[in-house]
Amino acid sequence: MPRLSEVIAALENLWPAERAESWDAVGTVVGEPGQDVTRVLFAVDPVQEIVDEAVKLGADLLVTHHPLYLRGTTTVAASTFKGRVVHTLIKHDIALHVAHTNADTADPGVSDALAGALDLRVVRPLVPDPGDPDGRHGLGRICELDHPLTVRELAARAAERLPATAQGIRVAGDPDATVRTVAVSGGSGDSLFDHVRAAGVDAFLTADLRHHPASEARAHDAHSAHDAHSAHGAHQPLALLDAAHWATEWPWCELAAAQLDEISDRHGWGLRVHVSKTVTDPWTSQFPSPGAPN
């Protein structure tokens, strides 16, 4: 039976804290280093619903992708919802560890898990980590399909393979356009449009695409496609596939759990590792507008 400090050391080896963005808040939030760990729960969000699930499961350690306190705090009073999370964790001897942007850039990481869920072959990072001489770490992934699909077919695959959410998959672009190469990025991805354009892929699947960045990307690419068509007839506009943030990151929980399972087996720890299937996407319903394009 390992101590928490031993399990955390293994997790830090998978997702070193120094690989996190400077603004991020990763690592152990709650936990006594000497406590025993027998059961671990992985989830995307450290919200009360997940913490209650960890209590019911009898978990000793909760590992989440999203930080609990990203911008700091001056209180952990139980009258606040995050303070209540902390109180519940401590009261039930449950540690909390966070792997956020250090899991995004890992090899394998969040976008590898997303690509795997969609049966996409990873070629390279979308935004390579300049500190990685092997060129395997970085944000997002550039992927290839085993055989071409239409945008419609790719969106249908994403809707089927990713966890169900109220949003589903939103698409911008010609649904009958052919897709051979795809950029994927788990979580919010509209800050990566310059890298996506530079990669020359047919589609970009991510989450949290905002109106103006998406509109500008579509307009920019349509203009470039027009110029390319006039000159060479060889370029189609970039298709955008926008999934729910939670859904694009949840596959990482299964990947991370499998990684910890392998470590547990290697060390003879006998850990029982679980993945929460609780949907913590904040959107609960969706009502299509009558007559809206589909």
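Residues numbered from 1 in each chain as written. Predicted model: local features only at pLDDT ≥ 70, side-chain atom pairs only at ≥ 80, totals over all residues. Heavy atoms only, no water.

For this particular structure, what's the right way to read the packing of helix α5 (residues 110–117) against helix α9 (residues 245–267)?
The relative placement of two packed helices is expressed as an angle between their axes plus a distance between the axes. Relative orientation of the contacting elements α5 and α9 amounts to 100°, with a least axis distance of 7 Å. By the angle between their axes, α5 is roughly perpendicular relative to α9. Two secondary-structure elements touch here, α5 through Val 110, Ala 113, Leu 114 and Ala 117 and α9 through Thr 248, Glu 249, Pro 251, Trp 252 and Leu 255. Considering only residue class, the contact of α5 with α9 consists of seven nonpolar, one polar and one charged. (Axes fitted to C-alpha atoms, helices over the stretch in contact; angles between N-to-C directions. Helix = DSSP H or I, 4+ residues; strand = E, 2+ residues; numbered from the N terminus. Parallel < 35°, antiparallel > 145°, perpendicular 65-115°, else oblique. Contact = heavy atoms within 4.5 Å. Nonpolar A, V, L, I, M, F, W, Y, C, P; charged D, E, K, R; others polar.)

Got a minute to help me understand the nonpolar core in this structure?
Among the nonpolar cores identified, the biggest contains 53 residues, and Trp 15, Phe 42, Leu 61, Val 182 and Trp 252 are the most heavily contacted of them. Per-element accounting of this core gives the leading share, nine residues, to α9. Setting aside chain neighbours within four positions, we find Trp 252 in contact with Trp 15, Val 63, Thr 64, His 65, Ala 99, Ala 103, Gly 109, Val 110 and Ala 113. (Core = buried A, V, L, I, M, F, W, Y, C linked by side-chain atoms within 4.5 Å. Buried < 20%, exposed > 50% of the residue type's maximum accessible area, 1.4 Å probe, protein only.)

Before we go on, may I ask you to explain unusual backbone geometry in this structure?
Of all residues except glycine, most have a negative phi; of all peptide bonds, most are trans. Here Asp 107 and Pro 108 are connected by a cis peptide whose omega angle stands at 0°. Looking at where Pro 108 falls in the secondary structure, it is placed in the loop between α4 (101–104) and α5. One non-glycine residue with positive phi stands out, namely Asp 119, at about 60°. Assignment of secondary structure puts Asp 119 in the loop between α5 and β5 (121–128). With relative accessibility at 43%, the residue Asp 119 sits in the partly exposed group.

Any functional reading would require information beyond the geometric quantities listed.
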